[in-house]
Amino acid sequence: MRYHNITKDDMLNGDGLRVVLWLAGCEHHCKNCQNPVTWDPDGGLPFDEAAKAEIYEELDKEYVSGITFSGGDPMYQKDFLQAVLKECRNAYIHTAIETSGFFPQETYLTTMKYVDFAFNDLKHMDSDKHKEKTGVPNELILANIAALAQSDWPGRLVLRSPVIEGFNDSKENMAAIAEFMHSVGLTEFNLLPFHRLGDSKWKSCGMVYPYSMYEATPPEKLEALQKVLLDLGIKAYVGSDTPF
């Protein structure tokens, strides 16, 4: 198993102050990815006993609320991830995950059994447009979300997406997302403002960042899309405002 980083006292990726383990590997090759170096499952560092000890040392601190698995996409390393999640469950450690959901349904549902909170990306409701910008269609993602939402899983699922100008920032896309969410019984969506923090990372990988000329998402655009979702009965959060 390989990983890229362990961050501590993180407040943006789950409830309270958390440890975040950033795993290597991702099937998506999103055009807006802020860290494409994480796509390669053979990149990063080997996860050894020292790394494991570092994480558990943090989790032993009373003020640390739990651990979040991110990436890349942590489900890419499903065997390792499921084993660690089971350890956390047995130790009553709160777990969170950030995933694309683009995995075989058995992998997705088995992993989620041991997860307390999940951010699942949903970047566009039109499958062709989704594939154009992420490299994969969305049918499997939608099917996995639906299967999880309609199962007896007791965790909390929040869907989310970066808002990309000219790609998924239309009211029609927001309405389609709301319709899908109502159809499977979900109520929470997180709108993430676009930024260009990935520009330098793409250059370091010898690639041209497709969005180098794009500006950050204007607050008024985020507010307008949030209103669309709110008016359609979806609890919509902007940026880091998702309540925990």
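The paragraphs below set out a description of the structure included in this document. Sequence order sets the numbering: in each chain, residues are counted from 1 along the sequence as written. Only residues with pLDDT of at least 70 are given local features in this predicted model, and only at 80 or more are side-chain atom pairs given and counted; all residues enter the totals for whole chains, interfaces and linings. Processing note: side-chain calculations cover all non-hydrogen atoms of the structure and skip hydrogens and water entirely.

With that settled, the discussion passes to the side chain of histidine 28. As for its placement among the helices and strands, histidine 28 is situated in the loop between β2 (17-23) and β3 (45-46). Once residues lying within four places of it in the same chain are set aside, the contact partners of histidine 28 are Trp39, Ser100, Phe102, His130, Thr134, Val136 and Ile141. What counts as a helix is a DSSP run of H or I of at least four residues, what counts as a strand is a run of E of at least two, and both are numbered from the N terminus. For this analysis, residues touch if any pair of their heavy atoms sits within 4.5 Å.

To continue, consider the pattern of salt bridges. The term salt bridge refers to a side-chain nitrogen of Lys or Arg lying within 4 Å of a carboxyl oxygen of Asp or Glu. Counting across every chain of the model gives 12 salt bridges. A salt bridge links arginine 160 to aspartate 121; the shortest N-O distance between them is 3.0 Å. Note that arginine 160 is positioned in strand β7 (residues 156-163) and aspartate 121 in strand β6 (residues 117-121), a separation of 39 residues in sequence. Within the structure, one salt-bridge network assembled from shared partners comprises Glu98, Asp121, Lys123 and Arg160.

Remark: the empty space left among the atoms is shown by a probe the size of a water molecule rolled over them. Estimated volume of the largest pocket: approximately 1,200 Å³. In this structure, the largest pocket is lined by 41 residues; those nearest its centre are Trp22, Gln34, Glu98, Arg160 and Leu192. For the lining of the largest pocket, the secondary structure elements donating two or more residues are β1 (2-10), β5 (94-99), β6, β7 and β8 (188-193). With four residues, the top contributor of residues to the lining of the largest pocket is β1. Any residue outside Ala, Val, Leu, Ile, Met, Phe, Trp, Tyr, Cys, Pro, Asp, Glu, Lys and Arg is labelled polar, Gly included; the first ten of those are nonpolar and the last four are charged. Residue classes in the lining of the largest pocket are distributed as 15 nonpolar, 19 polar and seven charged. For cavity detection a 1 Å grid was placed over the protein atoms alone, and a set of points counts as a cavity when a 1.4 Å probe fits there but cannot get out; an open set counts as a pocket when protein lies on both sides within 12 Å along at least five of seven lines, with lining residues being those that have an atom within 4 Å of a point. Grid points are joined across faces, edges and corners, and a volume is the space filled by probe spheres set on the points.

Here the aromatic set is Phe, Tyr and Trp, taking the six-membered ring for Trp, and pairing holds for ring centres within 6.5 Å; pairs whose planes are under 30 degrees apart are stacked, those over 60 apart are edge-to-face, and all others are tilted. Evaluated as defined, the whole model comprises 11 aromatic pairs. Taking the centre distance of 5.2 Å and the plane angle of 75 degrees together, the rings of phenylalanine 117 and phenylalanine 244 count as edge-to-face. Taken together, the residues phenylalanine 117 in strand β6 and phenylalanine 244 in the segment after β9 (235-238) connect sequence positions 127 residues apart. The class of phenylalanine 117 is buried, set by a relative accessible area of 4%. On the basis of an interplanar angle of 85 degrees and a centroid distance of 4.6 Å, the ring pair of tyrosine 211 and tyrosine 214 is categorised as edge-to-face. Put simply, the rings of Trp39, Phe194, Trp202, Tyr209, Tyr211 and Tyr214 touch in pairs and so form one group of aromatic residues. Per-residue accessibility, obtained with a 1.4 Å probe over protein chains only, is compared with the maximum for each type, and a residue is labelled buried under 20%, exposed over 50%, and partly exposed between these values.

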